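# Close look at the chain arrangement
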Amino acid sequence: MSKAFASLLLLLVLIAVAKSHSSSYKDKKRGKGHSYYNVSENVEYTWEQAEGYLECEDFLDFGPDLDQEARHKLAESYDERGYFRKQPKPRAMEKSCSSWECAPNVNSTSPGCGFKTRTLKRGNWITTHIDLPDSPKPVALIDSDEMSGYREAYMRLHGYRGGYNNSLKEPVGMALPVMKIWYLDANYNIINATMSFYVPSPYQENPPASLNKDVRVEQWDEVVTYSRAWGGTRHDPEFWPNSDRQFDILGKALQKENIKYYPYIRMTGAYVGRRELTFVDKAITVTEISKRIPKNGEKEGTGEKV
């Protein structure tokens, strides 16, 4: 194969990848009941603004060696510092939370690079379990299609927020994110998982009771979180094989700053056009769920193994 032909083939592949990124939400504006938005709005934000932090140069590269014309065709895949990005640009958090109510987070100044520090405030959430396969699955399968039970979990929560299975018998609305929490054992196998919706503000202080035994209202304590952002959806072919890699990168970024975190809980939060992969600074103490956290003498994370 000649060098020229190989370069042309590489360019075609990269253009196809770039088009698949932009087409995830292309021309789909968010309508009533649908989590779509016009992806063209992302050009209003730099990568740093969209992600919410400055990415570490250690985790980036300049991509393939292309001529100027080829780079121009792939312009959207390069950030402001000239690094080649293999994922879609995430929708800025402020944009997602201007369209929908979001669970209250307080931004903190993050030392270093590669992650965003926030405080997730104390609040009420509705939660249900995610049915898992009979045998433990490795952490790499978090949020993958190989894990069952997403739709069933979502529909149980939808029954509450839609008014079918809450004590008021009226809709309570929707707030973001759709939060999944994954509980790991000492060998980093998934042993439990839950899905949660934040109770919208009109009902936050006194949420209606759940009429479904598999859906519960629970209060989460305030917790410090460390997150990385991902554009697109979990169905993007680049996402789930990389979700574990993104947690690994997050752990390395925290380790660089000597920040301790709890490695046996991993959170994946879905916003509109944005996903966040999150570690917490301690075991989340919420009603009932805290009883399921591994009790095998694990210590707080050090970033040494993620």
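If you're wondering where the values come from, they're calculated on a predicted model, not measured in any experiment.

Criteria and cut-off values
- Residue indices begin from 1 for each chain and proceed along its sequence in written order.
- Side-chain atom pairs in this predicted model are given and counted only at pLDDT of 80 or more, local residue features only at pLDDT of at least 70, and totals for whole chains, interfaces and linings cover all residues.
- Processing note: side-chain calculations cover all non-hydrogen atoms of the structure and skip hydrogens and water entirely.
- Per the convention used, a helix needs a DSSP run of H or I reaching at least four residues, while a strand needs a run of E reaching at least two, with both numbered from the N terminus.
- How far a helix is expected to stretch is found by multiplying one less than its residue total by 1.5 Å.
- Accessibility here uses a 1.4 Å probe with only protein chains present; expressed as a share of the type maximum, an area under 20% marks a residue as buried, one over 50% as exposed, and anything in between as partly exposed.
- We call two residues in contact when some of their heavy atoms are within 4.5 Å.
- Looking at any residue, its pLDDT shows the predictor's confidence there, from 0 to 100.

Another point: helix 5 (residues 150-161). Along its twelve residues, helix 5 runs 17 Å from first to last C-alpha, staying within 8% of the 16 Å computed at 1.5 Å per residue. What helix 5 keeps buried is the set Tyr150, Ala153, Arg156, Leu157, Gly159, Tyr160 and Arg161. Lining the buried residues of helix 5 we find strand 4 (123-129), strand 7 (178-184), strand 8 (189-198) and strand 9 (216-220). Of the residues trailing helix 5, glycine 163 is marked for its positive phi of about 95 degrees.

Moving on, we come to the confidence of the model for the protein chain. Looking at the protein chain, pLDDT values average 79 and 73% of them are 70 or higher. For the stretch residues 5-35, pLDDT sits under 50, and the model shows 42 contacts to residues farther than four places along the chain or on other chains. Low pLDDT, under 50, characterises residues 285-306; the stretch is placed with 61 contacts to residues that sit more than four places away or in other chains.

To continue, consider unusual backbone geometry. Of note, the amide linkage connecting leucine 176 to proline 177 takes the cis form, showing an omega dihedral of 5 degrees. Among the structural elements, proline 177 can be located in the loop between strand 6 (175-176) and strand 7. The phi dihedral of tyrosine 188 is positive, around 65 degrees, even though this residue is not glycine. Positionally, tyrosine 188 belongs in the loop between strand 7 and strand 8. At asparagine 258, a position not held by glycine, the phi torsion is positive, near 55 degrees. Position of asparagine 258 relative to the elements: it lies in the loop between helix 7 (240-256) and strand 11 (262-271). You can call asparagine 258 exposed: its relative accessible area is 72%.

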